[in-house]
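Architecture and fold: a report
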Amino acid sequence: MLGLPETSTAQSVQREQDGSLAVDPASPLMSRLRVDAVTVRARPYDIDAPGEIVAEPARSIALLPPLTGRIARLDVVPGAHVRAGQVLAVIISGDMAQASADEDKARSAWVQAREQYDRSQHVVGVGGGAMKDLQAARAEYEQARSELDRASMRLAALGRDASAGGRAPQGAKMTLTAPIDGVIDTVSVAAGMNVTDITTVMMTLVDTHELWVVADLAENQASLVRAGMAARATVPVLPYLHLAGIINGLRPSMQPETRRRSAYFTLANPDGTLVPHLYAHVAIAVPQAPDITIPQTAILMNNDATTVFVEVRPHVFRRRVVDVVLDDGADSRVRSGLVAGDRVVTQGAVLLNDD
């Protein structure tokens, strides 16, 4: 058995007035006691939630027609990879033809005003005209140039088609081009279709080099999550991928229909393995107060109380009641009774258990 002869233990241990037990450092009993500091462990608590891979809102663009007209050509299909500036569709538009005619008219007026200004400069230069005539010609020239710039910029904004060909007048064509590199997600029009509403989304373009992993949190989960927490995700259809990131933020409000709130983190996707709308499982590590653990060999029962011996001074020990969780394994979590820095008898404590 672990106990020493009763006479030896009694001679080696002295009870002090406060109930502490002082052990003679030279006694054989002291050599059979092992004293260790309690272990402090930070164990984050994982919140598990369903999630989804989605396109980052700033990288998802709905493309609308600049003007009404007929779609003469559609160059892309869903899933197509496109580069910034690439032509996606060509539209023949009467409004575009009018804008082109406005530019031609503005250009003619500008040429005429420039010629008049040049003549006025020459006449004044040889002393044959009034300065006020030159100033008037210059004002007309500046106004004509401004009007031409306005008409040209409007055509550029509408997507003037710089290519030739086709039976339609060149001025009636406008092009829809990709504003960024990305992938065509949806297409809702077809060649030959008339577009009568400029608020109609023709197609959506997403840049998938960065995506969001969005976790759908219940009310009691959302209250625990904060930006900056570590998160992990797995995608059932791609089990070999292990995704990780830091929570960037949470939706500012709960969804009224589902009473759930979204949290998201950004994920790099340079090779395009991930695509929007994939289902995911998300785990968010919520920090918890550090756990104190002790070996189960330190725990003694005393009058139906769970106790340990704490070293209060070198070679002096005091019994203390603790509340523990008897986990599987060699260690137990302490819910109360001990604090970080405490030193307890982890081996041989039964030799002090003389109450």
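This write-up is about the structure you can find in this document. Here the structure is a predicted model, which means the values were calculated and not measured.

Taken in spatial order, the four strands line up as S6-S13-S11-S8 in an open sheet, and their pairing is antiparallel. Either end of the sheet is taken by a strand with one partner, and the two such strands are strand S6 (60-63) and strand S8 (81-82). Taken together, the two bridges between S8 and strand S11 (residues 182-187) define a ladder with antiparallel strand orientation. Considered in S11, the bridge of His-81 is made with Val-183.

Take unusual backbone geometry next. Here the phi dihedral of Arg-259 falls at roughly 55 degrees; this positive angle occurs in a residue that is not glycine. Relative to the elements of secondary structure, Arg-259 occurs in the loop between strand S17 (249-250) and strand S18 (260-268). A relative accessible area of 40% places Arg-259 in the partly exposed class. Although it is not a glycine, Asp-304 adopts a positive phi angle of roughly 70 degrees. Tracing the sequence through the fold places Asp-304 in the loop between strand S21 (300-302) and strand S22 (305-313). Overall, Asp-304 belongs to the exposed group, its relative accessible area being 78%.

Scanning all chains against the criterion turns up two aromatic pairs. Seen in terms of ring centroids, Tyr-117 and Tyr-141 are 5.6 Å apart; in terms of plane orientation they differ by 20 degrees. Their pairing is stacked. Placement of Tyr-117 in helix H3 (residues 94-125) and of Tyr-141 in helix H4 (residues 131-158) is noted, with a sequence separation of 24 residues between them.

Reading the values: rules and limits
All chains use their own residue numbering, which begins from 1 and follows the written sequence. Totals for whole chains, interfaces and linings use every residue, but because this is a predicted model, local features are given only for residues with pLDDT of at least 70 and side-chain atom pairs only at 80 or more, for both listing and counting. Only hydrogens and water are set aside; all other atoms, that is, all heavy atoms of the structure, feed into the side-chain values. Two strands are counted as paired when DSSP detects at least two bridges linking them. Put simply, DSSP H or I for four residues or longer makes a helix, DSSP E for two residues or longer makes a strand, and each gets a number counted from the N terminus. Buried, partly exposed and exposed residues are distinguished by accessible area as a fraction of the type maximum, computed with a 1.4 Å probe on protein chains only: under 20%, between the cut-offs, and over 50%, respectively. Planes of paired rings set the category: under 30 degrees apart is stacked, over 60 is edge-to-face and the rest tilted, where pairs are Phe, Tyr or Trp rings (Trp by its six-membered ring) whose centres lie within 6.5 Å.

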